[in-house]
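Observations on the model geometry
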Amino acid sequence: MSTENLPQSPEQPPRKPRVAVVFGGRSSEHGISVVTAGAVLKAIDRTKYDVLPIGITQDGRWALTADEPERMAIVDRRPPSVDALAESDEGGVILPVDPANREVVYSEPGSVPKALGEVDVVFPVLHGPYGEDGTLQGLLELSGVPYVGSGVLSSAVGQDKEYMKRVFTSFGLGVGPYVVVRPREWERDETAARKKIVDFAGEHGWPLFVKPARAGSSIGITKVDDLSGLDEAIAEAQRHDPKILVEAALRGREIECGVLEFEDGPRASAPAEIPTPEAHAYYDFEAKYIDSTPGIVPAPLTPEETAEVQRLAVDAFEAASCEGLVRADFFLTEDGEFVINEINTMPGFTPISMYPQMWQASGVSYPELVDRLVQAALRRSTGLR
């Protein structure tokens, strides 16, 4: 029987790639992650992608959240939280554990689990431990779901300031003087551990910066001007991480540079300069996110200095085997040398954050930046690469 005259089924339009924006998390940077997610949700092209917002509460529950970016903002100097956005106090989102199945499921106690559809790529806008440090990336590798940003090793290196500096040094990138005190050192002999820092101060002078070794957004950092403030600074850093890093103060200008993965490889943005905030001792959390201290974009550097910091930013990206994006932070010392301080594999990504501002000055708008990151993730497979 001929089928020529039978009615034909209309062709179904191709399915748009589905992007799960995952945010929040268990780290002390939870609120900033929610702010970042709001900006990404607002900017992502809904004609090009389907979007599924998934929030991780501070106790680690994966929650289905409202797709309402306007609720993901700092209000009265208080960052937002996933708990306030979650559609249920008990329901949880479950990622697939079978690489052949990308179906995401939502489950509530006493209810039949509901399929939320397949996810093609995850945009993990988490900052700090349990999200930016390789843990979430490992889960996504096991699930076989592509994701924005660096892989397991690069994310872990980018989170741990000690090993980050060790990697940079091995690749010939200059870093400033630092000393690390691990948890076991405190447990074995607290007096000896403290003396290690005091001896470091005797060699390099005050002030010192005492930091959690695996945190970001300037949380838990204290500038210590003399011995009297050391114990309190150590306690504050250990509140966020039992491993602490102590750095000598470098005299110079703070310069940042963004790196973005294009089709032909990583490229560096126009650099920015972070002036010392008038109301703050240094560029701390409140200066960054609450008072929104403006950076200078592009940084007032010579063409030679600009080219050099851009080269070093890409070198740092490659040294840590990063993917997708990085913000590289430097000091330009008084003798004209660039010293790398750290990289962020998922930097602050709100519209007022320096990373998007540097790319805006380089001709890449915020929506285009989001699109390029998603496209770069879709081009990559999971697994060894």
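Criteria and cut-off values
Residues numbered from 1 in each chain as written. Predicted model: local features only at pLDDT ≥ 70, side-chain atom pairs only at ≥ 80, totals over all residues. Heavy atoms only, no water. UniProt positions renumbered as here; feature names shortened; annotations may be inferred. Helix = DSSP H or I, 4+ residues; strand = E, 2+ residues; numbered from the N terminus. Rg over C-alpha atoms; globule rule 2.2 N^0.38 Å. Buried < 20%, exposed > 50% of the residue type's maximum accessible area, 1.4 Å probe, protein only. Contact = heavy atoms within 4.5 Å. Areas by Shrake-Rupley, 256 points an atom, 1.4 Å probe, with all protein chains shown as cover. Lys, Arg positive; Asp, Glu negative; His and termini not counted. Charge placed at Lys NZ, Arg CZ, Asp CG, Glu CD. Patch = residues over 30% accessible without salt bridge, like charges linked within 9 Å, V, L, I, M, F, W, Y side chains within 5 Å. Salt bridge = Lys/Arg side-chain N within 4 Å of Asp/Glu carboxyl O. Phe/Tyr/Trp six-rings, centres within 6.5 Å; stacked < 30°, edge-to-face > 60°. Pairing = 2+ DSSP bridges. Axes fitted to C-alpha atoms, helices over the stretch in contact; angles between N-to-C directions.

As annotated in an unreviewed UniProt entry, the protein chain is D-alanine--D-alanine ligase from Streptomyces purpurascens. Check the Subcellular location (unreviewed entry) section of the UniProt entry for the protein chain; it says "Cytoplasm".

What follows concerns the overall build of the protein chain. When helices and strands are counted, the protein chain shows eleven helices and 16 strands. Taking 2.2 N^0.38 as the reference for a compact globule, 385 residues should give roughly 21 Å; the C-alpha atoms of the protein chain span a radius of gyration of 22 Å, in line with that estimate. Along the first, second and third principal axes, the C-alpha atoms of the protein chain reach 95 × 55 × 40 Å. For the protein chain, the proportion of its 385 residues judged to be buried stands at 54%. Contacts in the protein chain between residues at least 24 apart in sequence constitute 65% of all its contacts with a sequence separation of at least 6. Total accessible area on the protein chain stands at roughly 17700 Å², and carbon and sulfur atoms take up 50% of it. Within the protein chain, the 60 negative side-chain charges are centred at a point lying 2 Å from the centre of the 37 positive side-chain charges.

The next thing to look at is a negative patch on the surface. A cluster of acidic side chains, namely D59, D83, D89, E90 and E108, defines a negative patch on the protein surface. For D89, a relative accessible area of 67% gives the class exposed.

Looking now at the packing of aromatic side chains. Scanning the model with the defined rule gives five aromatic pairs in all. Judged by centre distance (5.9 Å) and plane angle (50°), the ring pair of F262 and W359 falls under tilted. Taken together, the residues F262 in strand 12 (residues 252-262) and W359 in helix 10 (residues 354-360) connect sequence positions 97 residues apart. The exposure class assigned to F262 is buried, which follows from its relative accessible area of 6%. Residue classification places W359 among the buried positions, given a relative accessible area of 2%. With a centroid separation of 6.2 Å and an interplanar angle of 80°, the aromatic rings of F330 and F338 are classed as edge-to-face. Of the residues examined, F338 reaches a relative accessible area of 11% and is grouped as buried.

One open sheet accounts for three strands, arranged 4-5-6; its pairing is antiparallel. Each of the sheet's edge strands pairs with one partner strand only, and the pair in question is strand 4 (92-94) and strand 6 (114-118). Mean inter-strand twist for the sheet, computed between neighbouring axes without regard to direction, equals 25°.

Now for the pattern of salt bridges. Think of it this way: side chains of opposite charge can pair up when their charged atoms draw near. Scanning all chains against the criterion turns up 30 salt bridges. In this structure, R15 and D120 form a salt bridge, with 3.0 Å as the shortest nitrogen-oxygen distance. Here D120 lies in the loop between strand 6 and strand 7 (121-124) and R15 lies in the segment before strand 1 (18-24), a separation of 105 residues in the sequence. Owing to a relative accessible area of 49%, R15 belongs among the partly exposed residues under this scheme. Classification of D120 as buried rests on a relative accessible area of 14%.

The next subject is the sheet that holds strand 3 (residues 62-64). One open sheet holds the four strands; their spatial order is 3-2-1-7, and the pairing between them is mixed. Each edge of the open sheet carries a strand with a single partner, namely strand 3 and strand 7. For this sheet the average axis-to-axis angle between neighbouring strands, irrespective of direction, equals 30°. Of the strand pairs in this sheet, strand 1 and strand 7 are connected by four bridges, and their pairing is parallel. Looking at the pairing, A20 lines up with V122 of strand 7. Sitting on the sheet, helix 1 (residues 30-43) touches strand 1, strand 2 (50-56) and strand 7, and the angle it makes with strand 1 is about 155°.

This part covers the side chain of T65. One can find T65 in the loop between strand 3 and strand 4. Of the residues examined, T65 reaches a relative accessible area of 3% and is grouped as buried. Among residues more than four places away in sequence, those in contact with T65 are F23, P53, I54, G55, V82, L85, A86 and E87.

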